[in-house]
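Fold and geometry: a report
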Amino acid sequence: MYDKIIDKNNPDSALSVQEAIGKKPSDINTQYVAKLKKRREISVDEYVNGILNSDRVMLSQAITLVESSLAAHQQKAQQIIERCLPYAGKSIRVGITGVPGVGKSTTIEALGVKLTRSGHKLAVLAIDPTSEKTKGSILGDKTRMEELATDPNAFIRPSPSAGSLGGVARKTREIIILCEAAGFDTVFVETVGVGQSEVVAHSMVDFFLLLQLANAGDELQGIKRGIMEMADAISINKAELDPNRAELAATQYRSALSLFPQNENGWKPVVFTSSAYTGSGIDKMWDTIMEYVAQTKANGHFYKKRNEQNLRILSESINSTLTERFYNSEFVESRLEQLKQDVLDDKISAYIAAQRLIEGYFDNLTK
């Protein structure tokens, strides 16, 4: 009965079938692709001049080159870094870590706004954890630092950790050089806070700040001794939630730190409470950092630590370069999968397989 009333082929009917409007548009914007191809390539001189003149666009593009895995980008990035080195090294580098939810981003914004208002230029390198499954990162730290993100004296660069140890991107050290050359006198490195692997962050900063919560159960039960030994200061954050418990937690940490051997630099780690929400303890945080810098510069440990870090970078660069060239060699690529299968089938031990690959790799280098 309804078929007689509703005629789908009737153009006056609301249920009439409309013809498709042409073909589905392409997923690729061909005009934009053509525009990219025509875009003039920026020279190393232009990058360096832009960075030295505090051009944020040029700085951001240079950092993108540093983070790129393309060989051509890496070659140009290294030339830029080498040219910027004489203008780097004049900032205070601060590492900030803590368990997820401790308030790292909020604390960085509160401390960062205080610094920029007093005339400092701040660069924040916020390292976002990379998913092991999708290999993607949210990179949403700017959304949690709204005031700092619009501050003309601040530069926030979220970067994916790319699975590197401690959540610290492998290229962070090189990015620090570029930021310093651009005139930023303070650099914050925010890490994902995953425990003892934060030694990677410790190896690239002058001062290491550990943020903790007072209401997360036994304050000393869940913390690794390794990261406590690295901390130059521990702040019990979100103290406004329970001031008494926060102060109790600070007392417990002071007692625990007193059992550790004295640091080589003569610095005694400071423990205090803070609240990024109310601003309590933020001044203490920066005063502690400046006291540390003054003391370690006076006894020479500040520059000694910088030198040790540079030598460590040298060793790590050699290791990473050798590893990359090894796995990308034609010989290894042609035999690796078969040797993996032989190991799984118990036809050969993993040690013998590795030895054959290494010996074959070096034999092919001499040919």
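Along each chain, residue indices are assigned from 1 in the same order as the chain's sequence is written. Local features in this predicted model are restricted to residues of pLDDT 70 or higher, and side-chain atom pairs are both shown and tallied only at a pLDDT of 80 or more, whereas totals for entire chains, interfaces and linings draw on every residue. The side-chain figures draw on all heavy atoms in the structure; neither hydrogens nor water molecules are used.

**Structural notes on the overall build of the chain**
Helix numbers and strand numbers start at the N terminus; a helix is a DSSP run of H or I with at least 4 residues, a strand a run of E with at least 2. When helices and strands are counted, the chain shows 15 helices and seven strands. For each residue, the accessible area found with a 1.4 Å probe, counting protein chains only, is set against the maximum for its type, and the residue is called buried under 20%, exposed over 50%, and partly exposed in between. Per-residue burial for the chain yields a buried fraction of 43% across its 367 residues. A contact between two residues is defined here by any heavy atoms of the two lying within 4.5 Å. Within the chain, counting contacts between residues at least 6 apart in sequence, those at least 24 apart form 73% of the total. Surface accessibility of the chain: about 21,600 Å² in total, with carbon and sulfur atoms responsible for 53%. Residue burial considers only the protein chains on display, and all accessible areas are found by Shrake-Rupley using a 1.4 Å probe.

**What to know about the side chain of Glu190**
You can see Glu190 is positioned in strand β4 (residues 186-190). Within the local environment of Glu190, its side chain forms a polar contact with the side chain of Ser105, the two groups lying 3.4 Å apart. For this analysis, a polar contact is any N or O atom pair within 3.5 Å, provided that within protein one partner can donate a hydrogen and the other can accept it, and provided that sequence-adjacent residues contribute only side-chain to side-chain pairs.

**Considerations on the packing of aromatic side chains**
Centres within 6.5 Å are what make two rings of Phe, Tyr or Trp a pair, Trp counting through its six-membered ring; a difference in plane orientation under 30 degrees is then read as stacked, over 60 as edge-to-face, and the rest as tilted. As enumerated under the stated definition, the model contains seven aromatic pairs in all. Each ring, one from Phe326 and one from Tyr327, has its centre 5.2 Å from the other, and the planes form 85 degrees; the classification is edge-to-face. On the basis of relative accessible area, Tyr327 is assigned to the partly exposed category, the value being 46%. Geometrically, the ring pair formed by Phe326 and Tyr361 is edge-to-face, given 5.2 Å between the ring centres and 70 degrees between the ring planes. On the criterion of sequence distance, the pair formed by Phe326 in helix α13 (residues 301-328) and Tyr361 in helix α15 (residues 350-365) is long-range, its members being 35 residues apart. Summarising the burial analysis for this pair, Phe326 and Tyr361 share the class buried.

**What about the nonpolar core?**
In a soluble, globular protein the nonpolar side chains are often hidden away together inside. Membership of the largest hydrophobic core comes to 51 residues, with the highest contact counts inside it found for Ile51, Leu59, Ile80, Leu178, Ile234 and Ile236. Dropping the residues within four chain positions of it, Ile234 is found in contact with Leu210, Gln212, Met228, Tyr253, Leu257, Val270, Val271 and Phe272. In terms of nonpolar packing, the next biggest core, distinct from the first, is built from 30 residues, Leu111, Leu148, Leu213 and Ile289 among them. Here, nonpolar core means buried Ala, Val, Leu, Ile, Met, Phe, Trp, Tyr and Cys residues that are tied together by side-chain atoms lying within 4.5 Å of each other.

**Description of α15**
Given 3.6 residues per helical turn, the α-helix brings residues three or four places apart onto the same face. Taking 1.5 Å of rise per residue, the 16 residues of α15 would be expected to cover 22 Å, and the 23 Å separating its terminal C-alpha atoms lies within 8% of that figure. Buried within α15 are the following residues: Ala353, Leu357, Gly360 and Tyr361. Buried residues of α15, viewed axially, fall in a sector of 105 degrees; they line one side. Buried residues belonging to α15 abut α13 and α14 (330-344). Multiplying 1.5 Å by the helix residue count minus one yields the expected span of that helix. Think of it as the arc spanned by the lines of direction from the helix axis to the C-beta atoms.

Fair warning: the whole summary comes from geometry, so function is off the table for now.
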